[in-house]
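So you can see what is in the structure, the chains are spelled out below.
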Amino acid sequence: MAVITNDQKAFAKLIDSSLLNSTDRHKDYEAVCAEALHYGFACVAVQGGFVKTCAELLRGSDIRLSCAAAFPMGLSSLKTKMNETANAFEDGATDIDMVLNVSKILDGDYAYVEKEIRTITEMVRLAGGVSKFIFEICYLNNAQIKDVIKICNDIKPDFIKTGTGMQGPAMYETVVMMRRECDPAIKLKASGAARNYERMEAIIEAGADRIGTICAGLIMDQYRVKFGLQP
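Note that the coordinates shown come from a computational prediction; the quantities given were computed from them, not determined experimentally.

A. Molecular detail of the overall build of the protein chain. Along its length, the protein chain carries ten helices and eight strands. In summary, the protein chain has a C-alpha radius of gyration of 17 Å against a globular reference of 17 Å for 231 residues, a match within 12%. Taken along its principal axes, the extent of the C-alpha atoms in the protein chain is 50 × 35 × 30 Å. Within the protein chain, the proportion of its 231 residues that are buried is 51%. When contacts within the protein chain are restricted to residue pairs at least 6 apart in sequence, long-range pairs at least 24 apart make up 70% of them. Total accessible area on the protein chain is roughly 10400 Å²; 51% of this is exposed by carbon and sulfur atoms.

In structure tokens:
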């Protein structure tokens, strides 16, 4: 379970810095990668068309690079998701943040959901990468979330993730529940939950192991003030 201390390097590794808007430009990708290199974040997350660009910008560092796949709706066919995963690794990604097919979850088609999770998890493992599956919990009730967690507990991807961050933040109580239901071997990522240090601290306390955020630099600045650390 993640904890927050005054170890600045360890704190930075709790953060995946995201840049996922349609209007983001090349200068924005340069900036987010430079910021990640400066602070030492765990990962930069971008959409597939900019994986190659960011792989070049992060080359030689320990910063991981995630492709936000089937983003943000998750309704692509499994074949399309497989192709996107393969292409992301070809372009230099190390991680895949895959949006699950919420429609299939709402229909109770758990055989399809299981096949999707198992197939992508196995692809990512073979590539030596890290798999993160996005639930988009704002559309699901607790019973549905628990059903998908049971599938993940059997397959054991590297992470389960609350949502894309595009449809609202992860709620404290839901993060607590997801951590309780999830196998300890699987890490929990919360997105859209932390736009400042105070909120990140609460979500880590709730049980998240990683935070996905567009406010990574701001959070680092507030963290330094909190612990009296030098810039």
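The discussion continues.
B. Quick look at the nonpolar core. Judged by nonpolar contacts, the single largest core of 67 residues is most densely connected at Phe11, Ile117, Phe135, Ile160, Met178 and Met200. Looking at which element gives the most residues to this core, the answer is helix H7 (residues 142-155), with six residues. With residues up to four places along the chain from it excluded, the contact list for Met178 reads Phe135, Ile137, Ile145, Ile149, Ile160, Lys161, Thr162 and Leu188. Counting residues in each nonpolar core, the second largest holds five residues, with Ala68, Phe71, Val99 and Ile134 among its members.

Definitions and cut-offs
One numbering rule holds for all chains: residues counted from 1, following each sequence as written. Only residues with pLDDT of at least 70 get local features here, since the model is predicted, and only at 80 or more are side-chain atom pairs given and counted; chain-wide, interface and lining totals rely on the full set of residues. Think of the side-chain values as coming from all heavy atoms in the structure, minus any hydrogens and water. Secondary structure follows DSSP: runs of H or I at least 4 residues long count as helices, runs of E at least 2 residues long count as strands, and numbering of each begins at the N terminus. Within these notes, the globule rule equals 2.2 Å times the number of residues to the 0.38 power, and the radius of gyration is based on C-alpha atoms. Burial classification: accessible surface area is computed with a 1.4 Å probe over protein chains only, and a residue below 20% of its type maximum counts as buried, one above 50% as exposed, and the rest as partly exposed. The contact rule is simple, with two residues in contact once any of their heavy atoms fall within 4.5 Å. The Shrake-Rupley method, run with a 1.4 Å probe sphere, supplies the accessible areas, and residue values consider only the shown protein chains as cover. Grouping buried Ala, Val, Leu, Ile, Met, Phe, Trp, Tyr and Cys residues that are joined through side-chain atoms within 4.5 Å yields what is termed a nonpolar core.

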